[in-house]
Amino acid sequence: MSWLRDVLERLVGASGAERAVISLAALALSILVGGVIVFLSGLGAACETGANYHLAIPLPGSFEILLFDGRLSMFGYKSCYDPINVYEKLFVGAIGGLPWESGWQPTNFSMEVFLQRATLLLFTGLSVAVAFRAGLFNIGTQGQMIWGALVSAVTVLFVADFAPAGLAGTAILLPLALFSGAVAGGIWGAIPGALKAYADANEVITTIMLNFVAIYGTTLLVSEFFQDPQSAGGTQTRMVPANSLIPSIPFGFQGTRFSILALVLALVLALVVYFVLWGTSFGFDVRTSGLQPEAATYAGVNAERTIVRSMTISGALGGIAGALWVLLANGRFLTGGEVPSLGFDGITVSVLAGNNPLGVIFGSVLFGVLKSGGNALNFQTDVPPELVSILSGLIILFVAMPEFFRLIGRSMGVGDKSGAAVATDGGEDDG
Amino acid sequence: MDRDEARRLATRATLVVIAAVSLFGIAFPNSTAGEVFYTAIGQSTIESSLRLAVPIALTAIGGLYAEKSGVINIGLEGLLIISAFAAVLVADVLGGAGSTGFPPIITFNLGGSTYTIDPGLQLLLPNVWLGIAGGVLASMLLAFLFAVICIRYEGDQIIAGLAVWLVALGLAPFASKVMYGQPSTPQVVRLGDWTIPVLSDIPFVGPILFDANPMVYIMLVSVPVAWYVLNRTSFGYWVRASGENPKALDTVGVNVNRVRYAAVLISGFFAGIGGSALSLGSGGFFNGAGQTMVDGRGFIAIAAYLFGNYNPFGAFAASYLFSGLQALQIRLQGIAPTEVFLMLPYIVVVVVLVLVGRTRLPEAAGEHYESGED
């Protein structure tokens, strides 16, 4: 085991890598605690016979290595849920089965949902990460998404009447949709930024409050002005024309729910954000004011302007996520739905990624899996898919306590370098 | 402009606006302002404003204790959610409208013959109150977890608070689905109003103050008690010192972290009563759809104690302002679309924060304190 300790020691030594280790440990611990919650809640749920715990390592073909087969009970109570089975459904169900199973195709429905969610979460995660880097806690990504979604849907519906049909229309409508979403989200993000910069209003609370305002405000606007006359119930706009949707190239998924093009766009944007933060003087200003506001001001950084700008960029990213939510998920703006959870999960993705734009890619893939797996959980087990929200909260909870993992690490004899704790002052310093 | 000045200005501006609307309303009873004014001073509006103020005001009082001690508790929203659900769950598991005897009568079987331990004198506790106790306990447990992360493991308070909120936001609907098959529970049992004889016969004031939900009484008692404890006892002095100058407190020989644990637990205690009041106190059920029935009240409570300048009386007044808006909204739905009124409290909170800002945030709020001795 000494080589393992060496490897760990080297990993823990580097501050950025320490964050990765802490994130992974937090992930593992939250999955463990989530499993305990599933088991315990299974004791309270009603079922005829307890869950059959079938613990096995699946192999290609129908082979497997059997570890345990039977029922577990506690004080005579049988648990109705099997955490192992739940996690198997969650992670394997997210991509529609194991790739070596017969009949599995890379373009199946679950895969589509997974990639679509990952794409949207990449934007919301980036949105939170940019603000976080500037020392700002943007909990308002959700509201910025909602405004971005509404404005981009309405803009496209308005312009579509004048736009040419077919692919030529796509060339106009698609960029327009993304741009209008970014502008709307950017404005909604700039508001708490300006309030923070010029009135010292706590952005954590203003962004949360503005989320509620966004929810009710968009509902009001849609029901008063943009309501789809044909819809029976539900407050929603008309469908945007098919040629404004992102074309499903280079290879087709069955539904219209996902396009590789959107994912590529998201990945490119992650790289751009990374470059802006670490390769430009503006990014340097953002990061220094996040880490050391006083020092940054002393060095000539205009603190107020940096705050407003970072919040605007953060909001614009959220707004693009909203536009994509219209274009990928629904084809229209509708109130309610899963926007709130996408906004909150953006926070978890970013915190888990140490607010690093490149780390956000991995975080969003993980949460794309959890979101898509939540569907599988809903259809294939009795366990409520809200488990995913609990996991997301637990991850943040554990990431918030790096000291805990350092203590464990120290008791295991692994390096004792205390790196930066995850904090609201711009996160880790990977200097 | 200095912060305290801004606050005074904000308070005065609020009072001036309220006075202007009232005067206009008295002068022209048929105008919109008149309708708003006469609805606002109506007996039933004041009654429901007080009831709606309970969760916000109690949570605000708890939150100001935590923040005064140097721990910013952003997780109040989560504490409200978890206690609102736990209260319903405990009351339902013990059995709706019944009561539980304490100490319990224990019956056990030994070799064919049955033995019974009967304490003789049993205290009958209504299950609805045990439910409230359960809600308070759940909230305090979560608050303790939050305190351990922030104080013992030196976690970032904002992130840990956010985590408390997100965990509760997932856990309550999850548990509700496990128990009831849906994110919201059915109606279980609700607290009835308490009528104080004689006093409740006083016109106008009587029905408002002496024929009310017991939670309203708890709130009306908590406000002055919280003020007294914070400003006139040594514990209150410790709490304030722990937020302003932990080093001085440590030098005097008081354990700073212990004071902070106590303050966070107090915030859990009050949020627990607030959450139980939200579920068992009015509807008798827990609504877990969307943002759950708590719907941002925890954050409004934070704004309330900021606006109230960390003074329990001020926090109560600010809470009443928000709940009054809410009560008016229910009664004046014809005037404008519902969403306008639903948005209003949140817009008011943002405006309040802009005018009041971070104000006199305790010196050491958000910072860890490590005693030099250990």
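The model shown is predicted, which means the values in this text are computed figures rather than measured ones.

1. Here's the deal with the overall build of chain A
Moving on, step 1. Looking only at helices and strands, chain A features 15 helices and four strands.
Moving on, step 2. Counted over contacts in chain A with a minimum sequence separation of 6, partners at least 24 positions apart contribute 73%.
Moving on, step 3. Within the structure as shown, chain A displays about 18,000 Å² of accessible surface, and the carbon and sulfur contribution to it stands at 66%.

2. Here's the deal with the overall build of chain B
Moving on, step 1. Looking only at helices and strands, chain B has 14 helices and six strands in total.
Moving on, step 2. Relative to its length of 374 residues, chain B is compact, with a C-alpha radius of gyration of 22 Å against a globular reference of 21 Å.
Moving on, step 3. In terms of its C-alpha atoms, chain B occupies a principal-axis envelope of roughly 85 × 60 × 40 Å.
Moving on, step 4. The 374 residues of chain B split such that 52% are buried.
Moving on, step 5. Counting contacts in chain B only where the partners sit at least 6 residues apart, residues at least 24 apart contribute 74% of the total.
Moving on, step 6. The centroid of the 18 positive side-chain charges in chain B is displaced by 4 Å from the centroid of its 23 negative side-chain charges.

3. Quick notes on the pairing of strand 2 (residues 106–110) of chain B
All names here are of chain B.
Moving on, step 1. The buried fraction of strand 2 is low, at zero of five residues.
Moving on, step 2. Pairing between strand 2 and strand 3 (residues 113–117): five bridges, direction antiparallel. Counterpart to Ile106 in the pairing with strand 3 is Ile117.
Moving on, step 3. Between strand 2 and strand 3, which pair antiparallel one after the other, the connecting turn spans two residues, and Gly111 there sits at a positive phi close to 50 degrees.

4. Re the packing of helix 5 (residues 127–152) of chain B against helix 11 (residues 256–283) of chain B
All names here are of chain B.
Moving on, step 1. Running from amino to carboxyl end, helix 5 crosses helix 11 at an angle of 145 degrees, the nearest separation of the two axes being 7 Å. Here the hand of the crossing between helix 5 and helix 11 comes out right-handed.
Moving on, step 2. When the residues that make up the contact of helix 5 with helix 11 are grouped by side-chain class, the tally is 17 nonpolar, seven polar and two charged.

5. Quick notes on unusual backbone geometry
Residues and elements named next belong to chain B.
Moving on, step 1. One non-glycine residue, Thr292, lies in the positive phi region at around 65 degrees.
Moving on, step 2. Examined against the element boundaries, Thr292 turns out to sit in the loop between helix 11 and helix 12 (297–307).
Moving on, step 3. One non-glycine residue, Asp295, lies in positive phi territory at about 50 degrees.

6. Some words on helix 14 (residues 387–399) of chain A
Moving on, step 1. Taking 1.5 Å per residue, 13 residues should reach 18 Å; helix 14 of chain A reaches 18 Å between its end C-alpha atoms and fits that length.
Moving on, step 2. Counting buried residues along helix 14 of chain A, 12 of its 13 residues qualify, which places the element largely inside the surrounding structure.

7. Details of a nonpolar patch on the surface
Residues and elements named next belong to chain A.
Moving on, step 1. Side chains of Ile57, Leu59, Phe63, Ile65, Leu67 and Phe68 sit close together on the surface and give an oily, nonpolar patch of about 560 Å² of accessible area.
Moving on, step 2. The dominant element in the nonpolar patch, judged by the number of residues it contributes, is strand 2 (residues 64–70), at three residues.
Moving on, step 3. By the element assignment, Leu59 lies in the loop between strand 1 (53–58) and strand 2.
Moving on, step 4. Exposure remark for Leu59: the relative accessible area of 34% places this residue in the partly exposed category.

8. A closer look at the pattern of salt bridges
Residues and elements named next belong to chain A.
Moving on, step 1. Enumeration over the complete set of coordinates arrives at four salt bridges over all chains.
Moving on, step 2. In this structure, the salt-bridge partner of Lys196 is Glu203, at a minimum N-O distance of 3.1 Å. In this structure, Lys196 and Glu203 share a single accessibility class: buried.
Moving on, step 3. One salt bridge in this structure joins Asp345 and Lys371, with 2.8 Å as the shortest N-O distance. Of the two residues, Asp345 is situated in helix 12 (residues 339–352) and Lys371 in helix 13 (residues 357–380); the sequence distance between them amounts to 26 residues.

9. Quick word on the environment of Ser364(A)
All names here are of chain A.
Moving on, step 1. Mapped onto the fold, Ser364 is located in helix 13.
Moving on, step 2. We classify Ser364 as buried; its relative accessible area is 1%.
Moving on, step 3. Through-space distance from the C-alpha of Ser364 to that of Ala118 is 5.0 Å; in sequence the pair is 246 residues apart.
Moving on, step 4. Apart from the residues lying within four places of it in its own chain, the contact partners of Ser364 are Ala118, Leu121, Leu122 and Val349.

10. Things to note about the interface of chain A and chain B
In many analyses, interface size is given as the accessible surface area lost on bringing the parts together.
Moving on, step 1. Each partner contributes residues to the interface: chain A has 50 residues there, and chain B has 46 residues.
Moving on, step 2. For the pair chain A and chain B, the summed buried area comes to about 4,300 Å², and 81% of that belongs to carbon and sulfur atoms.
Moving on, step 3. Counting the contacts that link chain A with chain B gives one salt bridge.
Moving on, step 4. Between Lys177(B) and Glu386(A) there is a salt bridge; the shortest N-O distance is 3.4 Å.
Moving on, step 5. For the pair chain A and chain B, the interface holds two residue pairs in polar contact (both at pLDDT 80 or more).
Moving on, step 6. Mapped onto the side of chain A that touches chain B, the elements with two or more residues apiece are helix 2 (15–44), helix 6 (166–199), helix 7 (203–226), helix 12, helix 14 and helix 15 (402–411) of chain A.

11. Considering the packing of aromatic side chains
Moving on, step 1. Under the criterion given, the structure shown has 21 aromatic pairs over all chains.
Moving on, step 2. Here Phe144(B) and Tyr261(B) contribute two aromatic rings whose centre-to-centre distance is 6.0 Å and whose plane-to-plane angle is 35 degrees, an arrangement assigned as tilted. Of this pair, Phe144(B) sits in helix 5 while Tyr261(B) sits in helix 11, and the two are 117 residues apart along the sequence.
Moving on, step 3. Seen from their ring centres, Trp165(B) and Phe299(B) are 4.9 Å apart, and the 75 degrees between their planes marks the pair as edge-to-face. Placement of the pair is Trp165(B) in helix 6 (residues 157–180) and Phe299(B) in helix 12, with a sequence separation of 134 residues.
Moving on, step 4. Given the relative accessible area of 2%, Trp165(B) is considered buried.
Moving on, step 5. Under the relative-accessibility criterion, Phe299(B) is labelled buried at 1%.
Moving on, step 6. Put simply, the rings of Phe212(A), Tyr216(A) and Tyr346(B) touch in pairs and so form one group of aromatic residues.

12. What to know about the confidence of the model for chain A
Residue and element names in this part refer to chain A.
Moving on, step 1. Across chain A, the average pLDDT comes to 82, with 87% of residues at or above 70.
Moving on, step 2. When mean pLDDT is compared element by element in chain A, helix 5 (residues 141–159) scores highest at 93, while helix 1 (residues 2–13) scores lowest at 55.
Moving on, step 3. The model gives residues 416–421 a pLDDT under 50, and that stretch makes 13 contacts with residues more than four places away or in other chains.

13. Let's talk about the packing of helix 3 (residues 43–68) of chain B against helix 8 (residues 214–232) of chain B
All names here are of chain B.
Moving on, step 1. Viewed as axis vectors pointing N to C, helix 3 and helix 8 meet at an angle of 25 degrees, and their least axial separation amounts to 9 Å. In terms of orientation, helix 3 lies roughly parallel with respect to helix 8. Crossing handedness for the pair helix 3 and helix 8: left-handed. On helix 8, the residues touching Leu50, Arg51, Ala53, Val54, Ala57, Leu58, Ile61, Leu64 and Tyr65 of helix 3 are Met215, Val216, Met219, Ser222, Val223, Ala226, Val229 and Leu230.
Moving on, step 2. Partitioning the contact of helix 3 with helix 8 into residue classes produces 15 nonpolar, one polar and one charged.

14. Considering the side chain of Ser310(A)
Residues and elements named next belong to chain A.
Moving on, step 1. Relative to the elements of secondary structure, Ser310 occurs in helix 11 (residues 303–330).
Moving on, step 2. Judged by relative accessible area, Ser310 falls into the buried class, the value being 1%.
Moving on, step 3. The residues touching Ser310, leaving out its near neighbours within four places in the chain, are Val130, Ala134, Leu136 and Val286.

How each quantity is defined
Residues numbered from 1 in each chain as written. Chains lettered and ligands numbered in written order. Predicted model: local features only at pLDDT ≥ 70, side-chain atom pairs only at ≥ 80, totals over all residues. Heavy atoms only, no water. Helix = DSSP H or I, 4+ residues; strand = E, 2+ residues; numbered from the N terminus. Contact = heavy atoms within 4.5 Å. Areas by Shrake-Rupley, 256 points an atom, 1.4 Å probe, with all protein chains shown as cover. Rg over C-alpha atoms; globule rule 2.2 N^0.38 Å. Buried < 20%, exposed > 50% of the residue type's maximum accessible area, 1.4 Å probe, protein only. Lys, Arg positive; Asp, Glu negative; His and termini not counted. Charge placed at Lys NZ, Arg CZ, Asp CG, Glu CD. Pairing = 2+ DSSP bridges. Axes fitted to C-alpha atoms, helices over the stretch in contact; angles between N-to-C directions. Left-handed = near helix turned anticlockwise from the far one by under 90°. Nonpolar A, V, L, I, M, F, W, Y, C, P; charged D, E, K, R; others polar. Expected span 1.5 Å × (residues − 1). Patch = residues over 30% accessible without salt bridge, like charges linked within 9 Å, V, L, I, M, F, W, Y side chains within 5 Å. Salt bridge = Lys/Arg side-chain N within 4 Å of Asp/Glu carboxyl O. Buried area = accessible area lost by both parts, 1.4 Å probe. Polar contact = N/O pair within 3.5 Å; in protein donor to acceptor, adjacent residues only side chain to side chain. Phe/Tyr/Trp six-rings, centres within 6.5 Å; stacked < 30°, edge-to-face > 60°. pLDDT = per-residue confidence, 0-100. Parallel < 35°, antiparallel > 145°, perpendicular 65-115°, else oblique.

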